[in-house]
Structure formats: structure tokens, C-alpha cells
Amino acid sequence: MGLPLSIVSTNWFMCLFVNTLPADTLLRVWDQLLVHGPMVLIRVGTALLRLHERELLAYYHASLCEFGVAGYDFERCWRDFEFQLFRPFLQLLFLLIPI
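Predicted, not measured: the structure shown is a model, and the values here were computed from it.

Conventions we followed
- Residues numbered from 1 in each chain as written.
- Predicted model: local features only at pLDDT ≥ 70, side-chain atom pairs only at ≥ 80, totals over all residues.
- Heavy atoms only, no water.
- Helix = DSSP H or I, 4+ residues; strand = E, 2+ residues; numbered from the N terminus.
- Buried < 20%, exposed > 50% of the residue type's maximum accessible area, 1.4 Å probe, protein only.
- Contact = heavy atoms within 4.5 Å.
- Areas by Shrake-Rupley, 256 points an atom, 1.4 Å probe, with all protein chains shown as cover.
- pLDDT = per-residue confidence, 0-100.
- Expected span 1.5 Å × (residues − 1).
- Arc of directions from axis to C-beta.
- Polar contact = N/O pair within 3.5 Å; in protein donor to acceptor, adjacent residues only side chain to side chain.

Asker: So what's going on with the overall build of the protein chain? Which residues, and what values?
Answerer: Helix and strand counts for the protein chain come out as five helices and zero strands. Counting from the amino terminus, helix and strand elements in the protein chain follow one another as α-α-α-α-α. Within the span of the protein chain, comprising 99 residues, buried residues form 21% of the whole. Partitioning the intrachain contacts of the protein chain with sequence separation of at least 6 by distance along the chain shows that 40% fall at a separation of at least 24. Accessible surface, the protein chain: about 7,900 Å² in total, of which carbon and sulfur atoms supply 68%.

Okay, here's the thing in C-alpha cells:
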């Protein structure tokens, strides 16, 4: 791996997932694209990342260990990742609560 996300995602969006998805899934995505517009591409791209997020995070964790980070196991890395997913919502919640 070791590639920036833009290299992978640009190919997804420029080729409309032709090189990524199986034919039956690709045709469904294209149907949705014609009906609902380009936002479908963002949703599919996000779904693909979410589908493989544990593998991507495992690669990230292995890179951290390779560069000398010690005492940071994968489960803690996963918990930190999950927390960061909800952090914007928590920040918004605390902004809306009057003090």
C-alpha cells in the first residue's frame, strides 16, 4: 500500500468504479448514479473505505510499529480510530449544550 488516498479515489471517480467493482454491482451503481446523481459516487467510495477500514487501519498500525512506535497495540489503535469518527458529533453536541 503506502499510497495516498487520492491516487485510489481519483481512479474510482474518473473511471466510475469500472476497475473496482464486479459487473453486477457496477451496473447497480450506475443505475443509482443516473437516478440520484453524482452524490452516489461519494457514497459508494465511502462504503468501500468503510468495508475495508479494519484492513487499512491494520496497515497503518503496522507502519507505526515499523517506524518505532512501541506500546500501542492494534486494539487501542482501533478504539482511537473509532473515537475520531465520532469526535465531530461530540464537539457539535457540546457546542449546543448551554452552560
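Asker: Before we move on, can you summarise the confidence of the model for the protein chain with the specific residues and values?
Answerer: Chain-level statistics for the protein chain give a pLDDT mean of 86 and a share of 90% at 70 or above. Element-level pLDDT for the protein chain is lowest in helix 1 (residues 5-14), with a mean of 75, against a maximum mean of 94 in helix 2 (residues 23-36).

Asker: Please provide a residue-by-residue account of the side chain of Glu53, values included.
Answerer: One can find Glu53 in helix 4 (residues 53-66). Contact partners of Glu53, with chain neighbours within four places excluded, come to Trp78 and Phe81.

Asker: Outline helix 3 (residues 39-51), supporting the account with residue identities and numerical values.
Answerer: Here helix 3 is 13 residues long and its end C-alpha atoms lie 18 Å apart, about the 18 Å a rise of 1.5 Å per residue gives. Val40, Leu41, Val44, Gly45 and Leu48 are the residues of helix 3 that are buried. Projected down its long axis, helix 3 carries its buried residues within an arc of 135°, all on one side.

Asker: So what about the environment of Leu26? Which residues, and what values?
Answerer: Relative to the helices and strands, Leu26 resides in helix 2. Leu26 sits 10 residues away from Leu16 along the chain, and the two C-alpha atoms are 8.4 Å apart. The contacts of Leu26, once residues within four sequence positions are left out, are Leu16, Phe17, Val18 and Leu21.

Asker: How would you summarise the side chain of His61 if you had to cite specific residues and measurements?
Answerer: Position of His61 among the secondary structure elements: in helix 4. A polar atom in the side chain of His61 sits 3.4 Å from the backbone nitrogen of Phe74. Setting aside its immediate chain neighbours within four residues, His61 contacts Tyr72, Asp73, Phe74 and Cys77.

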